Amino acid sequence: GGGTGLGGGAALEDAAANQGLTVRAYIVDQFRKLSNAYRAGADKGTGARMHGSGRSDAREYHYKQVCAALEHLSDSPDWAELEAIGTQRHGVGGKTIAKLRELWDTGRLGRVDEFSNNPEQVARELLIKVHGIGQSRVVELVRQGVRTISDLRQRTDLSPQTSIWLKYHDQLEQPIPRDHIGEVRDRIGAVASRIDPRLKAIACGSYRRGKMESRDMDVMLILRGAGPGSTEHLEVMARIVPELHADGLLTDDLTTPGKFPQFGKKTAARVTTPSVVQAENSIAYMGICIVGGVHRRLDLRCYPEHQEAPALLHFTGSGDFNRFMSRAANARGFTLSELGLQPSVIKGPAERVPSGPHLELHSEAHIFEILRLEYKDPSERRDKIDVIDSTTGRPFFQTRESRTALPALTDTSRLQAHHPAAIT
DNA sequence: AGGCTGTACTG
DNA sequence: CAGTAC
DNA sequence: GCCT
């Protein structure tokens, strides 16, 4: 053991027990705190020139990977098991093992304590949860002395989105029961089919991943029969949002204020600007709806049928799963997005350019198959470690370079010979 | 030494 | 274009 | 912070 006199991980067990957590859950919680702290600009806000400052986004990313690795530990890991993730898990290195050792010996992480004892850091972590306040604004607001949500409400320079969100702050923080989301999907589906019977509504996000509670609602509309080149689905949003307001489901819009003249006042000034032309073609809507007397965040999108598979995959998430599936796609010579899957090559610094047409994608499973990744049911799409190389049966991202190069996969012409129905 | 997903909307 | 969100 |  370390210098505390409590050997054999006893300090760690005590710390976990004090919070009613398993040792694993406690460790994950500590590292999640680090991830959240760096998301909120832990090494930017103080003005102190900490080692590695300016990399907080990368560290947030790093600690998310660490959390994913830790989630796969047993409930009460011994030291050997903790140490082993350093060699077994891609993205876990020496500094992380040192922190695990610190936890093992003392039950605490000095870094976490440091952050939680810093009022400005605590404020940043609180305020960054507000819609429209990100890594940049949160640093500036806290620098100006904002510490609480009440402080924030006093500001007169908030964006319209932030003001709207603050109206419902308490309600929006509450988890959404699963059946409320199904209900909203059905209501949207009913309105949608009045507008165009070819429309179908699908609830995605954590709902589709099987969660009993969600933070927001993700509903996707698919325009059946619409294919490449069709722009019909773009008009759907412009028509359905006013209907959903009339229906009483929507109460506020967070996006597209200029897109629906009947709900915005800036029409004359904006109608001629390029940004509004773009907004009129928008496929994404973000707003607030009311279900069972409680206001909730709603995201609504509309896609033509030929993009159903990649859109479904993308909006089902999780976000972390998407990230690493996209990285796997990149490693195999593709770019993956909600719009499709297409061969692409790296050209120049940080630039990836398409090297072939979008492929026709029949289903989510088809996307996994093309990428030679093991199909994962929505409920299993959690993190990096759920992205499995189906040629080895092991996680795609491994520490030791045991991943086999697959010439047939990066050879675009042969791939398309197997999947001749590429979309041009 | 550079990169860490890719895309859409706002101001 | 930077900032934000998903 | 870690990987290539």
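As recorded in an unreviewed UniProt entry, chain A goes by the name DNA polymerase, listed as coming from Haptolina ericina. Quoted verbatim from the Subcellular location (unreviewed entry) field of the UniProt record, the comment on chain A reads "Nucleus". In UniProt, chain A has this text filed under Catalytic activity (unreviewed entry): "DNA(n) + a 2'-deoxyribonucleoside 5'-triphosphate = DNA(n+1) + diphosphate".

Caption draft 1: How the structure looks around the packing of helix α4 (residues 79–88) against helix α5 (residues 94–106). At a minimum axis separation of 9 Å, α4 and α5 run at an interaxial angle of 165 degrees. Regarding the angle of α4 to α5, the classification is roughly antiparallel. Two packed elements cross with a definite hand, and for α4 against α5 that hand is right-handed. For the pair formed by α4 and α5, the contact residues are Trp79, Leu82, Glu83, Ile85 and Gly86 on the first element and Ile97, Leu100, Arg101 and Trp104 on the second. Its residues assigned to classes, the contact of α4 with α5 comprises 6 nonpolar, 1 polar and 2 charged.

Caption draft 2: Quick look at the pattern of salt bridges. Applying the stated criterion across every chain, the model contains 23 salt bridges. With its nearest N and O atoms 2.7 Å apart, the salt bridge here joins Asp157 to Arg155. Residues Glu308 and Lys200 are paired through a salt bridge, measuring 3.3 Å at the closest nitrogen-oxygen approach. Here Glu308, found in helix α17 (residues 308–316), pairs with Lys200, found in strand β2 (residues 199–203); they are 108 residues apart in sequence, far enough to count as distant. On the basis of relative accessible area, Glu308 is assigned to the buried category, the value being 16%. Here the residues in one salt-bridge network are Glu60, Lys64 and Asp320, joined through shared partners.

Caption draft 3: How the structure looks around the domain arrangement of chain A. Splitting chain A by domain gives domain 1 (1–156), domain 2 (176–226 + 233–304) and domain 3 (317–422). Across the boundary between the two partners, domain 1 contributes 12 residues, which contact 13 residues of domain 3. When the buried surface of domain 1 facing domain 3 is broken down by residue, Tyr61, His72 and His90 rank first, second and third, together holding 50% of it. Inspection of the region where domain 1 meets domain 3 yields 1 salt bridge. With a closest N to O distance of 3.7 Å, Asp320 and Lys64 form a salt bridge.

Caption draft 4: Quick look at the protein's contact with DNA strand D. Not every one of the 13 residues close to DNA strand D is listed here, only the nearest: Arg59, His62, Gly93, Lys95 and Thr96. Each atom of DNA strand D within 4 Å of the protein was classed as base or backbone; sugar and phosphate made up 85%. Between DNA strand D and His62, the relevant distance is 3.1 Å, taken from a sugar or linking oxygen to a side-chain nitrogen or oxygen of the residue. Backbone polar atom of Lys95 to a phosphate oxygen of DNA strand D: 3.4 Å apart, as the coordinates give it. Along the lines of polarity and charge, the residues of the surface near DNA strand D split into 2 nonpolar, 6 polar and 5 charged.

Caption draft 5: Geometry of the sheet that holds strand β4 (residues 217–223). Read from one edge of the open sheet, 5 strands run β2-β4-β7-β6-β5, paired in mixed fashion. Looking at strand neighbours, the two that pair on one side only are β2 and β5 (250–253), the edges of this open sheet. Each strand of the sheet is rotated relative to its neighbour by a mean of 30 degrees, with strand direction disregarded. Across the sheet, helix α14 (residues 232–246) is in contact with β2, β4, β5, β6 (284–291) and β7 (294–304); its angle to β7 comes to roughly 155 degrees.

Caption draft 6: Quick peek at the environment of Tyr61. Structurally, Tyr61 is set in helix α3 (residues 56–71). Judged by relative accessible area, Tyr61 falls into the buried class, the value being 18%.

Caption draft 7: Structural view of the packing of aromatic side chains. Evaluation of the coordinates by the stated rule reveals 10 aromatic pairs. For the pair Tyr61 and Phe324, a centre-to-centre distance of 5.8 Å together with 25 degrees between the ring planes defines the contact as stacked. Taken together, the residues span a long stretch of sequence, with Tyr61 in helix α3 and Phe324 in helix α18 (residues 319–331) at a distance of 263 residues. We note that Tyr61, like Phe324, is buried. Taking 5.1 Å as the distance between ring centres and 70 degrees as the angle between the ring planes, the aromatic pair formed by Phe396 and Phe397 counts as edge-to-face.

Caption draft 8: Seen up close, the environment of Leu152. Structurally, Leu152 is set in helix α9 (residues 149–154). When its relative accessible area of 0% is taken as the criterion, Leu152 is described as buried. For the pair Leu152 and Leu127, spaced 25 residues apart in the sequence, the C-alpha separation amounts to 8.3 Å. Not counting residues within four places of it along the chain, the set of residues in contact with Leu152 comprises Leu127, Val130, Ile133, Leu141, Val146, Leu158 and Leu166.

The rules we used
Residues numbered from 1 in each chain as written. Chains lettered and ligands numbered in written order. Predicted model: local features only at pLDDT ≥ 70, side-chain atom pairs only at ≥ 80, totals over all residues. Heavy atoms only, no water. UniProt positions renumbered as here; feature names shortened; annotations may be inferred. Axes fitted to C-alpha atoms, helices over the stretch in contact; angles between N-to-C directions. Helix = DSSP H or I, 4+ residues; strand = E, 2+ residues; numbered from the N terminus. Parallel < 35°, antiparallel > 145°, perpendicular 65-115°, else oblique. Left-handed = near helix turned anticlockwise from the far one by under 90°. Contact = heavy atoms within 4.5 Å. Nonpolar A, V, L, I, M, F, W, Y, C, P; charged D, E, K, R; others polar. Salt bridge = Lys/Arg side-chain N within 4 Å of Asp/Glu carboxyl O. Buried < 20%, exposed > 50% of the residue type's maximum accessible area, 1.4 Å probe, protein only. Domains from an automatic or database assignment. Buried area = accessible area lost by both parts, 1.4 Å probe. Near = heavy atom within 4 Å. Polar contact = N/O pair within 3.5 Å; in protein donor to acceptor, adjacent residues only side chain to side chain. Pairing = 2+ DSSP bridges. Phe/Tyr/Trp six-rings, centres within 6.5 Å; stacked < 30°, edge-to-face > 60°.

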